[in-house]
Amino acid sequence: MASKGRPAPNTKRYALRSWLLGPHMLAFVPAFALGAFWVAGELALVTVALGLPMIFLLTGTLNEARETRLREVDATTGLPMLDRLEADVEKTLLSCAQDGRKTALFYIQLEEFDPLVQRYGQIAGGTLLQRLGERFRAILREGDTVYWLGGARYAVLLAPVPHFELESAVQLAARLQSAAEEPVSIEMQSLYVNCAIGCCLGARSPEPTKSSLLKSAETALNEACRNTPSSIRTYSREMGETTVRREALMKDAFDALDNGEIAPWFQPQTSTDTGRVTGFEALARWQHPKRGTVTPAEFLPALEDSGQMERLGEVILYGALSALKSWDQSGFFVPCVAVNFSAEELRNPRLAEKIRWDLDRFDLAPERLTIEVLETIVAGSPEDAAARNLAALAQMGCRIDLDDFGTGHASITAIRRFQIERIKIDRSFVTRVDKDQEQQRMVSAIQTMAERLGLETLAEGVETAGEHAMLGQLGCAHVQGYAIARPMPFEETLGWLQSHNASLGGLPQIRGKSA
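What you see is a predicted model; the values in this text were computed from it and never measured.

Novice: Got a sec to walk through the sheet that holds strand 7 (residues 232-234)? Specific residues and values, please.
Specialist: The strand order across the open sheet built from 5 strands is 2-3-1-6-7, with neighbouring strands paired in mixed fashion. Only two strands of the sheet have a single partner each, and these edge strands are strand 2 (145-148) and strand 7. With strand direction ignored, the average angle separating the axes of adjacent strands in the sheet is 15°. Summarising the sheet, strand 1 (residues 104-111) and strand 6 (residues 194-201) pair through 8 bridges and their orientation is antiparallel. Paired with L105 across the bridge in strand 6 is C200. Seen against the sheet, helix 7 (residues 166-181) touches strand 1, strand 3 (153-157), strand 6 and strand 7 and runs at an angle of roughly 155° to strand 6. Together, strand 1, strand 3, strand 6 and strand 7 form the strand contacts of helix 8 (residues 210-226), whose direction differs from that of strand 6 by roughly 145°.

Novice: Help me get a handle on helix 6 (residues 122-138), residues and values and all.
Specialist: Taking 1.5 Å as the rise per residue, helix 6 with 17 residues should run 24 Å; its terminal C-alpha atoms sit 25 Å apart, in good agreement. Here helix 6 has its buried residues at A124, G125, G126, T127, L128, L129, L132, G133 and F136.

Novice: How would you explain helix 10 (residues 296-305) if you had to name every residue and give the values?
Specialist: Here helix 10 has its buried residues at F299, A302 and L303. Buried residues in helix 10, looked at end-on, bunch into an arc of 95°, giving them a common side. Turned more than 90 degrees away from the buried face of helix 10, the exposed residues are A297 and E304. In the core, the buried residues of helix 10 are packed alongside helix 9 (237-259), strand 8 (262-271), strand 9 (277-288), strand 10 (292-294) and helix 11 (309-330).

Novice: Account for the pairing of strand 6, with residues named and values stated.
Specialist: A large share of strand 6 lies buried, amounting to 7 of its 8 residues. Note that strand 6 and strand 7 share 3 bridges and pair parallel. Directly across from C199, in strand 7, lies its bridge partner T234.

Reading the values: the criteria
Residues numbered from 1 in each chain as written. Predicted model: local features only at pLDDT ≥ 70, side-chain atom pairs only at ≥ 80, totals over all residues. Heavy atoms only, no water. Pairing = 2+ DSSP bridges. Helix = DSSP H or I, 4+ residues; strand = E, 2+ residues; numbered from the N terminus. Axes fitted to C-alpha atoms, helices over the stretch in contact; angles between N-to-C directions. Contact = heavy atoms within 4.5 Å. Expected span 1.5 Å × (residues − 1). Buried < 20%, exposed > 50% of the residue type's maximum accessible area, 1.4 Å probe, protein only. Arc of directions from axis to C-beta.

Structural measurements only, silent on function.
Written out as C-alpha cells, the structure is:
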C-alpha cells in the first residue's frame with residue numbers, strides 16, 4: 001500500500017549535501033570567515049561573512065519546499081494528497097469568486113477494497129490504486145486534478161470553467177465510475193472493484209469556503225455509500241439539512257441508551273387455533289422527552305451509523321428477559337420472548353457466552369428465548385461468525401426464527417443448517433390475504449413448504465379480523481399484528497394479559513420454577 005509519510009531521499013549524496021548546506025551550518029560561519037581572512041585578507045572576509053549565510057538560508061528554503069512537496073504527493077500512486085487538496089480548493093474557490101466561474105469536487109470511495117487487499121496482498125492493492133488514479137486522470141481535462149486521500153478514497157477537483165451544471169457533474173461521475181469498474185490486470189489476475197461517488201458543485205455548497213465544499217462532498221459521498229452499492233449522489237441543501245438532523249439524532253440516541261429512553265415494547269403472538277399467547281416480540285421504542293415517539297425507521301439507522309447496535313441489543317435483551325421473569329412472577333406463563341439480533345451483534349464472538357450468562361442470571365431455560373434473524377444473515381457463508389453463533393445458540397436450546405420470510409434469498413439448505421424452527425411470513429404476503437386469491441396462494445405455498453420441512457409459521461402484520469381468520473384457515477399456526485394488539489410498554493402487558501386471559505376463559509398459570 002502507499003506510504004503516507006515522506007519517502008526517504010534517493011541517494012546518500014543528496015543527504016550529505018543537505019547536511020552540509022543546511023541552516024545549522026550557520027554556526028560555522030565565524031570560523032569560515034576567520035579562515036578566509038587569514039588566507040586572503042579583508043575582501044575574502046567580507047565575501048564569506050555575507051555570502052555564506054545567504055547560501056545556507058536559500059538552500060534551507062529550497063530543501064524545505066522539496067520536503068513539503070514530497071509530503072503532499074503519495075509515493076505509490078504519484079497523486080497529491082489531502083494537504084494539497086485543501087490548498088487547491090481554497091485557491092480554486094478564490095479564483096471562481098473573482099471571475100464568476102464554476103468548479104466541482106468529487107469524492108470517490110472504492111467498495112470492498114480491504115477484502116481485496118487481504119486476498120491479493122498490499123503490493124497488488126497499491127498497484128490497483130495507482131492504475132485507477134491513472135485512469136481517472138486520463139478522462140479528465142487538463143487542469144483538473146486527482147488526489148489520493150488515503151485508504152480506498154480519491155478526490156477530483158475540477159479547474160474553474162465558465163459553465164458547469166448538475167447534469168454535467170452526474171455524467172462525469174458516471175464516467176469515473178465506469179473507469180473504476182473496468183478490470184485491472186495484475187500478475188495474471190483480474191481485479192474488480194466498484195465505487196460510490198459523491199459530488200458537490202461549488203455553487204451548491206452552503207458557503208463558498210474550503211471547509212463547506214469539502215464537507216458537502218463528504219456528505220454526498222456518505223449518502224451514496226448509505227444507499228445501494230455503486231451509487232452516485234450530488235449534494236443539495238436538503239441533503240445537508242437531513243445530515244444535520246441525522247447527526248443530532250445520533251447524539252440524542254447515544255444519550256437515550258444511557259438514560260433509558262430507548263426500551264423494549266412488547267407485541268403478543270397468539271395461536272390461531274386456541275387464541276392463547278405463545279410469546280411476545282420485544283421491539284425497540286424510543287420515547288423522546290421533546291420529540292415524543294421516535295420511530296425505529298428514524299433511530300435505528302442513526303444507531304447503526306454510530307456503531308451502537310450492540311449496545312441497543314444489550315438493552316433490549318436485558319429488558320426482554322426481565323419482562324419474561326416478571327410475567328412468571330405475576331402468574332402469567334408466557335412461553336417465550338423473541339428478540340431481533342442485528343448482523344453486527346451476531347458477529348460478536350462472545351455472543352453465545354453472553355446470552356448463556358444472561359439466561360442464568362434470570363434463571364430462565366434457553367428455549368424461552370427466541371432469536372429472530374433476517375434472511376440476509378442466514379443466506380451468508382456457513383463459516384462466518386454469525387453462522388457459528390447461530391449454531392451455538394441452537395445447540396444451547398434457543399429457538400431460531402427466520403424473520404421477514406419471502407423477502408430475501410435464504411435457501412432450504414440454509415434453513416436446515418441453522419436449525420430454524422419457525423418462519424415469519426412477511427406482512428407483504430399477509431395484507432388483504434382474506435380478499436386477494438394471489439395472496440392466499442402465496443401463503444398456502446409457504447405453509448406447504450414449512451410443513452414439509454417440519455417448521456412452524458407465524459404471520460406478522462395481521463391488521464384485520466378477516467386476515468386473522470383466513471390465515472387460520474390456510475394453516476398458519478401463529479399470528480402477530482394490530483388485529484391482536486399493538487406493541488406496548490411492559491407495564492401495560494400485565495393488564496392486557498389479564499384481559500386476554502379472561503376473554504379466553506383462563507390462561508395457563510405459572511407453576512413453580514420457570515422452565
